[in-house]
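# Close look at the chain arrangement
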Amino acid sequence: MDYISNILFAILLIVGVGFFVKNIKRLSRNIKLGKDVKVDDNKSLRWKNMAKIALGQTKMVVRPVAGFLHIIVYAGFIIINIEVFEIIIDGLFGTHRVLSFLGSFYNVLIGSFEILALLVIVSVVIFWIRRNVIKIKRFVKPEMEGWPKNDGNLILYIELLLMTLFLVMNAADYQLQLLDTPHYTKAGAFPISQFITSIFGDMSVSSLIIIERATWWLHIAGILFFLNYLYYSKHLHILLAFPNTYYGSVKPKGQFTNLDAVTKEVKLMMDPNADPFAAPAEDAPIPEKFGASDVQDLNWVQLLNAYSCTECGRCTSSCPANLTGKKLSPRKIMMDTRDRLEEVGKNIDANNGVFKDDGKQLLGDYISSEELWACTSCNACVEECPISIDPLSIIIDMRRYLVMEQSAAPTELNNMMSNIENNGAPWPYNQMDRLNWVKE
Amino acid sequence: MSDQLKVPTMEQFMAEGKQPEILFWVGSAGSFDDRAKKITKAFVKILNKANVDFAVLGTEESCTGDVAKRAGNEFLFQMQAVMNIELLNGYEIKKIVTCDPHSYNCLKNEYPGLGGTYEVIHHTQFIQELIKNGRLTIEGNAFNGKRITFHDPCYLGRANNEYDAPRALLNTIKADVVEMKRSKSTALCCGAGGAQMFKEPEKGDKDINVLRTEDALKTSPNIIATGCPYCNTMMTDGIKSKEKEESIKVKDIAELIAESENL
Ligand code: SF4
Ligand code: SF4
């Protein structure tokens, strides 16, 4: 083999991986735009959650059909990675099937890759049918129009292409092995691709080599492309599902955070020694903003959630508000958060590392208060999410901003709240009448 | 029979220098809402029957602040919480029972961070405990074979993973428990949570409580059982909108137990 192809391969690899690293850096910079929260508790439980939910896919199989197919595609993905290891060595050093020294184990490996590849193809086709022919409800909601829909299909096409390339490559290789072509080590088992060798007819060795080489190059180029596609796609979840399930909440779902900034103020108000009319000290820090109106007000776990979202819509399909035709869709909350975060990130890149006010924010420009007020805080979305995303926490943080910073609650809720303030109940009843029921 | 209810207050216990076994947190709905008051009374009858040494805060009780918190008013929530915690800690309360899953969740999960740590249990859990310890025996046959479907309150079920206690109680009254397709962790909300109880719903094509009532109707129940005063209101309204109030009753588990035992 001449060295040109080795060098070309090295360049391709460096460029592919280089871009990927750049994207990962951008990703982590953007996630860190969120507020700091400490997540260093319950370490062993968190590892367990990650193993169970991300690796073990326990939540996926709650919906058995999609869950089963997903596990096949997921296993296929992991296997591509073992394959890639061999491809990289072969590519860099001009070897061929370098792992074939493993002997019969190698045959088992290649054989099972092929079977999986076929299963992946079948699953991907079924996935495509579910999205485009059966049009399962959760895939055709308004927030899925445009890019999200194309993204979903594109992923399927890429997977289909990669698997096909892999099988055709093996078929050509197998044929070359049968023809005793030098350099083509006799190794591997080809339970699936042996059936496609017939398409080659009595092609010449040189044509077969061209096919084998072309599919080999396209396969690895495709993988590198896919790697760099992730950042722009919901497919990012194949990486982020792991940290996301690790950092997911381990508290009871009903427990909302108590805002520390509020606790401080309440303590001050309750302190009999504090002078409520005292002017704030000169060096007093700017009072913290209550709640969230933009992505920087959310914490980094919530932002990680946004990048991890698979846009599967399981949350939305179980949301009582969405099921009854309200605008709220928990999936849209996550997608909007990611889109806005991307916008903020690009703004920072364009302005030498500092965010320049663009007159936009998450609240209003992406998520309307109508959506926020439709939530019943029922936790169905949190329960459903296969990778421990919590759309509800974002909804509540935004409500906090609406109420505490803007006094923009619906009138009925304002009435309810002033009742609580004045007489300790959400209705206009006197606290002194609290025990009347005993005598009634 | 209400004149026979024994409802001592913490103040009375304090005056006698005693501590009750448990504090009954009645909650705002349980104190003021006509439908919910019936649940409160049914539960007190059970407590009286089992000779539970309990107390209420009475006129000293105030809203937990839960609904303000869900509405986004963290400030009002914490004001209420700090006030209540001061009162509860002053009385050295250790154990609290309530018929309202929202108060239950709030007291159990959100008060500890503000200095109020108590053992908090839901009334279905407490009744189950009473039966288990032999303090309450269920003998009635009124619901024998009646088809009863249980609507899981979000704040008892998903929020705190309690699905069994209410169902176990339905079994003790020998009901034929029928499950809705969406039940336990996949149960659909009644539509009241997150402060929705106090406002008109956003524009949509249906009310949530109607959708949930349809879920329940599919099980052809005689009774829809609930464990939350707000769920009760929502399901009752749902049944009315389907004009089924004559044939299908919406009852709290405590009411079913009390009725079963003729309390
Ligand atoms: S918590 Fe809110 S957003 Fe989530 S499913 Fe319930 S109503 Fe929908
Ligand atoms: S939040 Fe979770 S359930 Fe909802 S679309 Fe994203 S990944 Fe799916």
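Residues numbered from 1 in each chain as written. Chains lettered and ligands numbered in written order. Predicted model: local features only at pLDDT ≥ 70, side-chain atom pairs only at ≥ 80, totals over all residues. Heavy atoms only, no water.

### Some points on the domain arrangement of chain B
Residues and elements named next belong to chain B.
- When the domains of chain B are assigned, the result is domain 1 (10-131) and domain 2 (138-260).
- Computed from C-alpha atoms alone, the centre-to-centre distance between domain 1 and domain 2 is 22 Å.
- On the side of domain 2, 30 residues touch domain 1, which itself brings 27 residues to the contact.
- When the area that domain 1 buries against domain 2 is broken down by residue, the three leading residues are R35, H102 and T124, summing to 23%.
- Where domain 1 touches domain 2, the interface holds 1 salt bridge. (Domains from an automatic or database assignment. Contact = heavy atoms within 4.5 Å. Buried area = accessible area lost by both parts, 1.4 Å probe. Salt bridge = Lys/Arg side-chain N within 4 Å of Asp/Glu carboxyl O.)

### Digging into the site of ligand 1
All names here are of chain A.
- Among the 13 residues in the neighbourhood of ligand 1, the closest are listed as C319, C375, T376, C378 and C381.
- Secondary-structure elements contributing two or more residues to the shell around ligand 1 are α15 (380-384) and α16 (391-405).
- Split into classes, the residues belonging to the shell around ligand 1 amount to 10 nonpolar, 3 polar and no charged. (Near = heavy atom within 4 Å. Helix = DSSP H or I, 4+ residues; strand = E, 2+ residues; numbered from the N terminus. Nonpolar A, V, L, I, M, F, W, Y, C, P; charged D, E, K, R; others polar.)

### Things to note about the pattern of salt bridges
- Taken as a whole and assessed by the stated rule, the structure comprises 38 salt bridges over all chains.
- With its nearest N and O atoms 2.6 Å apart, the salt bridge here joins A:E343 to A:K360. With a gap of 17 residues between them, A:E343 in helix α12 (residues 330-350) and A:K360 in the loop between α12 and α13 (362-365) connect regions that are remote in the sequence.
- Residue classification places A:K360 among the partly exposed residues on the basis of a relative accessible area of 34%.
- With a closest N to O distance of 3.0 Å, B:K69 and B:E74 form a salt bridge. Residues B:K69 and B:E74 agree in their burial class; the two are buried. (Buried < 20%, exposed > 50% of the residue type's maximum accessible area, 1.4 Å probe, protein only.)

### Examining the site of ligand 2
Residue and element names in this part refer to chain A.
- What surrounds ligand 2 is the set C309, T310, E311, C312, G313, R314, C315, R331, M334, C385, P386 and I389.
- Breaking the shell around ligand 2 down by element, the ones donating at least two residues are α10 (314-317) and α12.
- When the residues that make up the shell around ligand 2 are grouped by side-chain class, the tally is 7 nonpolar, 2 polar and 3 charged.

### A closer look at the pairing of strand β5 (residues 147-150) of chain B
Residue and element names in this part refer to chain B.
- As judged from the 2 bridges shared by β5 and strand β6 (residues 176-177), these two strands associate in the parallel manner. From the neighbouring strand, I148 faces β6, where its bridge partner is V177.
- A crossover links β5 with its parallel partner β6, the connecting element being helix α8 (residues 164-172), and its sense is right-handed.
- Where β5 meets strand β7 (residues 223-226), 3 bridges bridge the pair, whose relative direction is parallel. Residue pairing in the sheet places F150 in a bridge with A225 of β7. (Pairing = 2+ DSSP bridges. Right-handed = clockwise from strand over helix to strand, strands pointing away.)

### Some words on the packing of helix α3 (residues 34-49) of chain B against helix α7 (residues 123-132) of chain B
Residue and element names in this part refer to chain B.
- Relative to each other, α3 and α7 sit at 25 degrees, their axes nearing to 11 Å. With respect to α7, the axis of α3 lies roughly parallel. At the point where α3 passes α7, the crossing takes the left-handed sense. Facing α3, whose interface residues are F43, I46 and L47, α7 presents H123, F126, I127 and L130.
- Residues belonging to the contact of α3 with α7 are distributed by class as follows: 6 nonpolar, 1 polar and no charged. (Axes fitted to C-alpha atoms, helices over the stretch in contact; angles between N-to-C directions. Parallel < 35°, antiparallel > 145°, perpendicular 65-115°, else oblique. Left-handed = near helix turned anticlockwise from the far one by under 90°.)

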